[in-house]
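Below, each chain spelled out in residue letters.
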Amino acid sequence: MRQINDIERVCQEYDLYLMMEKGMADNTRESYRRDVDKLLGYLATEGVGLRDVTIDTLRMFLGDLHDVGIAERSQARIVAGVRSFFHFMVMEGYLDANPSELLETPRIGVHLPEVLTVQEIDDMIAAVDMTKSEGQRDRAIIETLYGCGLRVSELVNLEISKVFPDEGYLVVTGKGNKERMVPMSDTSIAEIASWMEDRELLSVKPGEENRLFLNRRGGRLTRERIFQIVKGLAEAAGIRKSISPHTLRHSFATHLLEGGANLRAIQQMLGHESIATTQIYLHLDRGALREDILMFHPRSHRR
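Chains are numbered independently. Their residues run from 1 in the order of the written sequence. Where local features are concerned, this predicted model is filtered to residues with pLDDT of at least 70; where side-chain atom pairs are given and counted, the filter is 80 or more; whole-chain, interface and lining totals use all residues. Neither water nor hydrogens contribute to the side-chain values; these are computed over all heavy atoms in the structure.

Asker: Outline the sheet that holds strand 2 (residues 169-173), listing residues and values.
Answerer: Strands sit in the order 1-2-3 across an open sheet of three strands; the sheet is antiparallel. Each end of this open sheet is capped by a strand with a single partner; those strands are strand 1 (163-164) and strand 3 (179-183). Bridging between strand 2 and strand 3 involves five bridges; their strand directions are antiparallel. When the bridges of strand 3 are listed, Thr173 appears paired with Glu179. Two strands pair if DSSP finds at least two bridges between them. Segments assigned H or I by DSSP are reported as helices when at least four residues long, segments assigned E as strands when at least two residues long, and all are numbered from the N terminus.

See the structure below:
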């Protein structure tokens, strides 16, 4: 297998392949290169090498694209670019297998992603194996993703000093390094408090002392690991929907809107720059919209 010592050189070879062998026009070629650059930027952020990319890595990448409001048509084009790049990597001997072979192309058209019912989320919580040392952590992760509507990147970077359980809110750093306050449900507060007791037993790695969610070795969790946790719990709960951490965020917004929460309040909670991104939920319920967001979240009605 050929070594990947210089990714820029590999990309230049890929560009020549698109031009000489595929006969692509300049504009199309540039689009494919931009799509690959998006992927490489994501992998660099996650600390994932090209040889370590899996189908789950690519699904997480697509989930990120959706989360920032990139349209399905653009996502479909990016999938085509990613497939082309990995096909080239295998053909040229840089990789043994193509991780993008089973990557689904997003269906064109505006539609709401998969949404879980409250019962299905309860079933996922019930499926957590509490005999394992990470059981309470996983419960807290699911409740925080759903109860606060966080992006997975916001969850893995959440700091203890930014969680204010007595006041009932937390502060996350979202897209563009912008901070926002997010109300916490009583259930999220309780599950995080229980996790903090378990966290005290860990040997925390230097530099991770302020990070809320850690792995068993006291290091930071990756977004891919969160994806695996969510997917595993869904399967254990017998849920047949295709879900990811983003599904919990979408479920959070959907349940709020169905309950009557104000669309702009949901926009602020999700950290959307534009109300247009939040409006994908509008077709669910065009009834009376009220202002107090926590009043309508299912987790807020628990004792």
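Asker: How would you sum up the packing of aromatic side chains? Please name residues and give values.
Answerer: When the centres of two rings from Phe, Tyr and Trp lie within 6.5 Å, Trp using its six-membered ring, the rings pair. Their planes under 30 degrees apart give stacked, over 60 give edge-to-face, and anything left gives tilted. Under the criterion given, the structure shown has eight aromatic pairs. Among the aromatic residues, ring-to-ring pairing joins Tyr14, Tyr17, Phe85, Phe86 and Phe88 into one connected group.

Asker: An account of helix 9 (residues 223-236) is needed here, citing residue identities and associated values.
Answerer: Helix length check: helix 9, at 14 residues, gives a terminal C-alpha distance of 20 Å against a target of 20 Å (1.5 Å per residue), a fit within 8%. Here the term buried applies to any residue with accessible area under 20% of the maximum for its type, exposed to any over 50%, and partly exposed to those in between, with areas from a 1.4 Å probe on protein chains only. Every buried residue belonging to helix 9 is among Arg223, Glu224, Ile226, Phe227, Ile229, Val230, Leu233 and Ala234, and all of these are buried. Among the residues trailing helix 9, Gly238 stands out with phi positive, at a value near 75°. To estimate how far a helix should extend, the number of its residues minus one is multiplied by 1.5 Å.

Asker: I'd like a description of the nonpolar core, backed by residues and values.
Answerer: Core analysis: the biggest nonpolar cluster contains 74 residues, and Met124, Leu170, Phe213 and Ile226 have the highest contact counts within it. Among the elements that make up this core, the one with the highest residue count is helix 4 (residues 72-91) (seven residues). Whether two residues touch is decided by their heavy atoms; if any such pair falls within 4.5 Å, the residues are in contact. Not counting chain neighbours up to four residues away, the residues in contact with Met124 comprise Leu116, Ile142, Val230, Leu233, Ala234, Ala237, Ile239 and Ile243. We call a set of buried Ala, Val, Leu, Ile, Met, Phe, Trp, Tyr and Cys residues a nonpolar core when their side-chain atoms join them within 4.5 Å.

Asker: Pulling in residues and values, what's your account of the pattern of salt bridges?
Answerer: Salt bridge, as applied in this entry: a Lys or Arg side-chain nitrogen positioned within 4 Å of an Asp or Glu carboxyl oxygen. Taken as a whole and judged by the stated rule, the model has 21 salt bridges. Glu46 is the partner of Arg223 in a salt bridge, and the nearest nitrogen-oxygen pair spans 2.4 Å. Taken together, the residues Arg223 in helix 9 and Glu46 in helix 2 (residues 26-46) connect sequence positions 177 residues apart. Here the two residues Arg223 and Glu46 agree in accessibility, since each one is buried. The residue Glu154 makes a salt bridge to Arg151 at a minimum N-O spacing of 2.7 Å. Exposure class is identical for Glu154 and Arg151. Each is buried. A single network of salt bridges, built from pairs that share partners, joins Arg2, Arg9, Glu13 and Glu92.

Asker: Describe the packing of helix 6 (residues 135-148) against helix 8 (residues 186-199), naming the residues involved and giving the relevant values.
Answerer: Every axis in this analysis is a line fitted to C-alpha atoms, fitted for helices over the stretch in contact. Angles between the N-to-C directions lie between 0 and 180 degrees. Where helix 6 meets helix 8, the closest approach of the two axes is 8 Å, and the angle between their N-to-C directions is 150°. Classified by the interaxial angle, the pair formed by helix 6 and helix 8 is roughly antiparallel. Both helix 6 and helix 8 take part in a crossing whose hand is left-handed. Packed against helix 6, whose contacting residues are Gln136, Arg137, Arg139, Ala140, Glu143, Thr144, Gly147 and Cys148, the element helix 8 presents Thr187, Ser188, Glu191, Ile192, Ser194, Trp195 and Asp198 at the interface. In this classification, the charged set is Asp, Glu, Lys and Arg, the nonpolar set is Ala, Val, Leu, Ile, Met, Phe, Trp, Tyr, Cys and Pro, and all remaining amino acids, among them Gly, are polar. Looking at side-chain class alone, the contact of helix 6 with helix 8 contains four nonpolar, six polar and five charged residues. Note on angle classes: values under 35 degrees are labelled roughly parallel, values over 145 roughly antiparallel, values of 65 to 115 roughly perpendicular, and the remainder oblique. Each crossing gets its hand from how the near helix is turned against the far one by less than a right angle, where anticlockwise is left-handed and clockwise is right-handed.

Asker: Which residues make up a positive patch on the surface, and what values do they have?
Answerer: On the surface, Lys132, Lys205, Arg216, Arg217 and Arg225 cluster together into a positively charged patch. Mapped onto the elements of the fold, Arg225 is located in helix 9. The partly exposed category is assigned to Arg225, whose relative accessible area is 31%. Patches here: salt-bridge-free residues with over 30% relative accessible area, like charges joined within 9 Å, nonpolar side chains (Val, Leu, Ile, Met, Phe, Trp, Tyr) joined within 5 Å. Only the protein chains shown count as cover for residues, with accessible areas throughout obtained via the Shrake-Rupley method and a probe of 1.4 Å. In this tally, Asp and Glu contribute negative charge and Lys and Arg positive charge; neither His nor the terminal groups of the chain are included. The location of each charge is read from NZ of Lys, CZ of Arg, CG of Asp or CD of Glu.

Asker: If you had to explain the packing of helix 2 against helix 4 to someone new, which residues and values would you point to?
Answerer: Packing of helix 2 against helix 4 brings their axes to within 9 Å, and their N-to-C directions diverge by 85°. If you check the angle between helix 2 and helix 4, you find them roughly perpendicular. Touching Ser31, Tyr32, Asp35, Val36, Lys38 and Leu39 of helix 2 are Arg77, Ile78, Ala80, Gly81, Val82, Ser84, Phe85 and Phe86, all from helix 4. Its residues assigned to classes, the contact of helix 2 with helix 4 comprises eight nonpolar, three polar and three charged.

Asker: Now, about the pairing of strand 2: what can you tell me, with residues and values included?
Answerer: Successive residues of a regular strand alternate their side chains across the two faces of the sheet. In this sheet, strand 2 lies alongside strand 1 in antiparallel orientation, the contact comprising two bridges. Within the sheet, the bridge partner assigned to Val163 lies in strand 2 and is Leu170. Here strand 1 folds back onto strand 2 in antiparallel fashion, the turn holding four residues, of which Gly168 has a positive phi close to 80°.

Asker: Help me get a handle on helix 4, residues and values and all.
Answerer: Taking 1.5 Å per residue, 20 residues should reach 28 Å; helix 4 reaches 28 Å between its end C-alpha atoms and fits that length. Residues of helix 4 that are buried: Glu72, Gln75, Ala76, Ile78, Val79, Gly81, Val82, Ser84, Phe85, Phe86, Phe88 and Met89. Two residues or fewer after helix 4 comes Gly93, characterised by a positive phi angle close to 85°.

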